[in-house]
Amino acid sequence: MTEISEKILKLGNRAIKKAQENNRKNGIPNVYCINGKIVFELPNGEISTRYNFS
């Protein structure tokens, strides 16, 4: 991996962590795709495959 690629990757990872923390603070679940399944990390830390969007 080139030096510029490493810098871009570090910046991207930092931005993702900041966005995830902002979601937790604002009560918004983080959404991931793991092994082809949509998974929600709720603000309380619980992991679920279902989320009520009401």
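Scroll up to find the structure.
Criteria and cut-off values
- Residues numbered from 1 in each chain as written.
- Predicted model: local features only at pLDDT ≥ 70, side-chain atom pairs only at ≥ 80, totals over all residues.
- Heavy atoms only, no water.
- Pairing = 2+ DSSP bridges.
- Helix = DSSP H or I, 4+ residues; strand = E, 2+ residues; numbered from the N terminus.
- Buried < 20%, exposed > 50% of the residue type's maximum accessible area, 1.4 Å probe, protein only.
- Contact = heavy atoms within 4.5 Å.
- Polar contact = N/O pair within 3.5 Å; in protein donor to acceptor, adjacent residues only side chain to side chain.

**Q** What's the story with the sheet that holds strand β2 (residues 37-41) in this structure? I'm lost.
**A** Strands belonging to one sheet form pairs held by backbone hydrogen bonds; the direction of such a pair is parallel or antiparallel. In space, the three strands of this open sheet follow the order β1-β2-β3, with antiparallel pairing throughout. One side of each edge strand has no neighbouring strand; the edge strands of this open sheet are β1 (30-34) and β3 (47-48). The pairing of β2 with β3 spans two bridges and is antiparallel. Note that in β3 the partner of glutamate 41 across the bridge is isoleucine 47.

**Q** Would you take a moment to explain the pairing of β2 for this structure?
**A** For a regular strand, the rule is simple: side chains alternate between the two faces of the sheet. Bridging between β1 and β2 involves five bridges; their strand directions are antiparallel. Following the sheet pairing, isoleucine 34 is matched in β2 by lysine 37. Taking the residues between adjacent antiparallel strands as the criterion, β1 and β2 are bridged by two residues, where asparagine 35 takes a positive phi near 50°.

**Q** What should I look at first to understand the side chain of serine 48 in this one?
**A** Tracing the chain through its elements places serine 48 in strand β3. Judged by its relative accessible area of 17%, serine 48 falls in the buried class. Apart from residues no more than four positions distant in its own chain, serine 48 is found in contact with Val39 and Phe40.

**Q** Explain unusual backbone geometry to me, please; I cannot follow it from the model alone.
**A** Most peptide bonds take the trans form, and the phi angle of most residues other than glycine is negative. Located in the positive-phi region is asparagine 35, a residue other than glycine, with phi close to 50°. Here asparagine 35 is to be found in the loop between β1 and β2.

**Q** Can you help me understand the side chain of glutamine 20 in this one?
**A** With respect to the secondary-structure elements, glutamine 20 resides in helix α1 (residues 3-25). A polar contact is formed between the side chain of glutamine 20 and the side chain of tyrosine 32, at a distance of 2.9 Å. The residues contacting glutamine 20, other than those within four sequence positions of it, are Asn30 and Tyr32.

Shape descriptors only; they carry no functional weight alone.
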